[in-house]
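For reference, the chains in residue letters:
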Amino acid sequence: MSGSVLASPGAHGPNGEHLDAPSGGNTSGLARLADGSVQVPMLAQRRMAIRTVIAYESEANATVELPGHVVMDPNAGGRVQPVHGGRVVPGPAGLPVAGQAVRRGEVLAYVQHHAEPYALASQQSLLAELRSNRELAAQRVQRLQSLEGTVPRKDIEAAHAELRSLSAREKSIGASLASREALVAPVAGVIARADAVAGQIVEARDVLFEVIDPARVLVEATTADPALPARVGDASLRGVSDVRLKLLGAARSLRDGVLPLTFRARPEKAGAAMPLAVGQPVTVVASLSERTKGFVLPAQAVVRNSANEPIVWIKSGAERYIPQPVQYRALDASTVVVTQGLGTDNRVVVQGAPLIAQIR
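Note that this is a predicted model, so its numbers are computed, not measured.

Considerations on the overall build of the protein chain
Thought 1: Assigned secondary structure in the protein chain consists of 4 helices and 23 strands.
Thought 2: Put simply, the protein chain has 360 residues, and 38% of those count as buried.
Thought 3: Residue pairs at least 24 apart in sequence account for 72% of intrachain contacts in the protein chain once pairs closer than 6 positions are excluded.
Thought 4: Put simply, the protein chain shows about 19,500 Å² of open surface, and 52% of that area lies on carbon and sulfur atoms.

Written out as structure tokens, the structure reads:
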């Protein structure tokens with residue numbers, strides 16, 4: 001094939017101008033032409049699975065993109081922290097690892113407390129004194145009981161009370177010398193974070209484990225517009241097509257100059273796994289109450305050119321594709337609306353556009 005390819009009815013811009021000026025040069029194979037268009041033979045189009053549709057203008061809900069990140073649901077997750085410092089000791093089943101399933105109340109590890117040398121010496125001294133006093137009190141009880149009937153009953157009862165008190169104090173002090181704190185799972189779920197190893201010395205309030213329910217997570221987005229939450233409906237995540245978001249509410253005070261919005265994430269299919277991790281940065285595509293006009297296309301139809309401008313590929317003839325700069329807004333994770341750059345009845349590439357953009 002030589003010469004220029006005749007234009008199809010859909011090869012004109014938003015103002016009716018023709019986009020397919022004669023290209024010149026050899027167009028017999030797969031090549032980028034001098035005017036920026038691309039020559040793709042029919043056999044190559046089949047191999048690349050290129051698919052086109054005729055774009056028609058319609059209305060869709062306006063959207064806004066918000067930066068955000070995945071956070072733990074406070075009702076379905078929790079942190080495991082020691083109240084006092086000490087040495088980490090494995091639990092009955094050993095130390096859990098990230099991703100391991102746990103039950104609520106399951107012992108994950110122990111923290112063996114160790115007092116300072118001076119405090120330890122004081123406790124040991126007090127324990128020795130209590131043990132000696134308890135032995136003396138036991139002997140006094142035995143002596144008074146042998147004289148029962150000749151000594152007042154109240155003296156015998158007082159001796160018994162003193163013995164019980166000294167025994168309880170001795171037991172309490174003795175237990176404190178070898179005390180350990182059990183670290184238990186606050187909820188049922190999986191270990192999202194595990195930062196404990198056997199023998200590790202930890203301080204009070206160190207986060208050793210995080211437990212979450214992977215099916216119940218939240219997404220926290222931020223905006224600088226305090227009026228935006230009243231206009232937001234359902235939302236989705238850009239690039240994550242099988243997760244939907246529902247707005248739970250917005251804060252009433254700014255944090256670092258922005259207003260946090262909290263969304264609940266749920267899978268499209270009930271019971272499906274949630275492809276999200278706590279702390280993961282995401283982009284929230286929130287649907288607004290306003291409507292906008294444009295051309296609704298699959299998100300994969302919009303690609304970037306060498307100047308990093310968003311473009312779509314318009315089919316202009318049997319084997320020729322023309323790049324057309326556009327402006328667009330995301331509708332959800334898999335759909336966009338082109339607001340500027342396209343005219344009516346353009347035949348737009350909706351599958352294989354990234355492959356066409358790579359042709360040089």
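From this point, things continue past the structure.
Description of the sheet that holds strand E10 (residues 189-194)
Pairing between sheet strands relies on hydrogen bonds along the backbone, with the strands arranged either parallel or antiparallel.
Thought 1: Spatially, the 4 strands line up as an open sheet ordered E5-E12-E10-E7, and their pairing is antiparallel. Only two strands of the sheet have a single neighbouring strand rather than two, namely strand E5 (77-80) and strand E7 (101-102).
Thought 2: Note that E7 and E10 share 2 bridges and pair antiparallel. Note that in E10 the partner of Ala 101 across the bridge is Val 190.

Some remarks on the sheet that holds strand E8 (residues 107-112)
Thought 1: Pairing within the open sheet is antiparallel, and its 4 strands lie in the order E9-E8-E6-E11. Two strands close off the open sheet at either side, each with one partner strand: strand E9 (180-184) and strand E11 (201-202).

Some details on the environment of Ser 58
Thought 1: By the secondary structure assignment, Ser 58 is in strand E4 (residues 57-72).
Thought 2: Under the relative-accessibility criterion, Ser 58 is labelled partly exposed at 31%.
Thought 3: Beyond its immediate stretch of four places on either side in the chain, Ser 58 contacts Thr 292, Lys 293, Gly 294 and Val 296.

Comments concerning the nonpolar core
Thought 1: Grouped together as the largest cluster of nonpolar side chains are 21 residues, with contacts concentrated most on Val 219, Leu 237, Leu 245, Phe 263 and Val 284.
Thought 2: When contributions to this core are tallied by element, the ones reaching two or more residues are E4, strand E13 (217-223), strand E14 (232-237), strand E15 (240-250), strand E16 (259-267) and strand E17 (281-298).
Thought 3: If near-sequence neighbours (up to four positions away) are discounted, Val 284 is found in contact with Val 64, Glu 65, Leu 66, Val 219, Ala 221, Ala 235, Ser 236, Leu 237, Leu 245 and Phe 263.
Thought 4: Of all hydrophobic cores here, the second largest spans 15 residues; its members include Val 111, Leu 183, Ala 196 and Phe 209.

Some words on the pairing of strand E6 (residues 86-90)
Thought 1: Inspection of the sheet shows E6 paired to E11 by 2 bridges, in the antiparallel sense. Bridging across to E11, Arg 87 finds its partner in Ile 201.
Thought 2: Two strands pair when backbone bridges link them, and E6 and E8 are joined in this way by 4 bridges, in the antiparallel orientation. Across the sheet, residue Pro 90 finds its bridge partner in E8, namely Ala 109.

Let's talk about unusual backbone geometry
Thought 1: At Asn 308, a residue that is not glycine, the phi angle is positive and equals roughly 65 degrees.
Thought 2: Mapped onto the elements, Asn 308 comes out in the loop between strand E18 (303-304) and strand E19 (310-315).
Thought 3: Residues other than glycine seldom take positive phi values, yet Asp 345 does so here, at roughly 65 degrees.
Thought 4: Inspection of the secondary structure assignment puts Asp 345 in the loop between strand E22 (335-340) and strand E23 (347-351).

Some words on the confidence of the model for the protein chain
Thought 1: Mean pLDDT over the protein chain works out to 85, with 89% of the residues at or above the 70 mark.
Thought 2: Within the protein chain, E13 carries the highest mean pLDDT (95), whereas helix H2 (residues 117-146) carries the lowest (81).
Thought 3: Residue range residues 1-10 is modelled with pLDDT below 50. Its contacts to residues more than four positions away, or to other chains, number 26 contacts.
Thought 4: Confidence over residues 21-27 falls short of pLDDT 50; this stretch has 15 contacts with residues more than four positions distant or in other chains.

Remarks on the packing of aromatic side chains
Thought 1: Tallied over the full model, the rule gives 0 aromatic pairs.
Thought 2: Lying over the aromatic face of Tyr 110, Arg 180 brings its terminal NZ or CZ to 3.8 Å of the ring centre.

A word on the side chain of Asn 346
Thought 1: Mapping Asn 346 onto the fold places it in the loop between E22 and E23.
Thought 2: In this structure the side chain of Asn 346 is engaged in a polar contact, spanning 2.7 Å, whose partner is the backbone nitrogen of Gly 343.

Structural notes on the pattern of salt bridges
Thought 1: For the structure on display, the rule yields 14 salt bridges.
Thought 2: As a salt-bridge pair, Asp 73 and Arg 264 come within 3.0 Å of each other at their nearest N and O atoms. Of this pair, Asp 73 sits in the loop between E4 and E5 while Arg 264 sits in strand E16, placing them 191 residues apart in sequence.
Thought 3: In the salt-bridge network here, residues are joined through shared partners; they are Arg 79, Arg 193, Asp 195 and Glu 210.

With respect to the side chain of Thr 292
Thought 1: Within the fold, Thr 292 resides in strand E17.
Thought 2: Not counting residues within four places of it along the chain, the set of residues in contact with Thr 292 comprises Ser 58, Glu 59, Ala 60, Asn 61, Ala 62, Val 337 and Thr 339.

Rules behind the numbers
- Residues numbered from 1 in each chain as written.
- Predicted model: local features only at pLDDT ≥ 70, side-chain atom pairs only at ≥ 80, totals over all residues.
- Heavy atoms only, no water.
- Helix = DSSP H or I, 4+ residues; strand = E, 2+ residues; numbered from the N terminus.
- Buried < 20%, exposed > 50% of the residue type's maximum accessible area, 1.4 Å probe, protein only.
- Contact = heavy atoms within 4.5 Å.
- Areas by Shrake-Rupley, 256 points an atom, 1.4 Å probe, with all protein chains shown as cover.
- Pairing = 2+ DSSP bridges.
- Core = buried A, V, L, I, M, F, W, Y, C linked by side-chain atoms within 4.5 Å.
- pLDDT = per-residue confidence, 0-100.
- Phe/Tyr/Trp six-rings, centres within 6.5 Å; stacked < 30°, edge-to-face > 60°.
- Lys NZ or Arg CZ within 6 Å of the ring centre and 35° of its normal.
- Polar contact = N/O pair within 3.5 Å; in protein donor to acceptor, adjacent residues only side chain to side chain.
- Salt bridge = Lys/Arg side-chain N within 4 Å of Asp/Glu carboxyl O.

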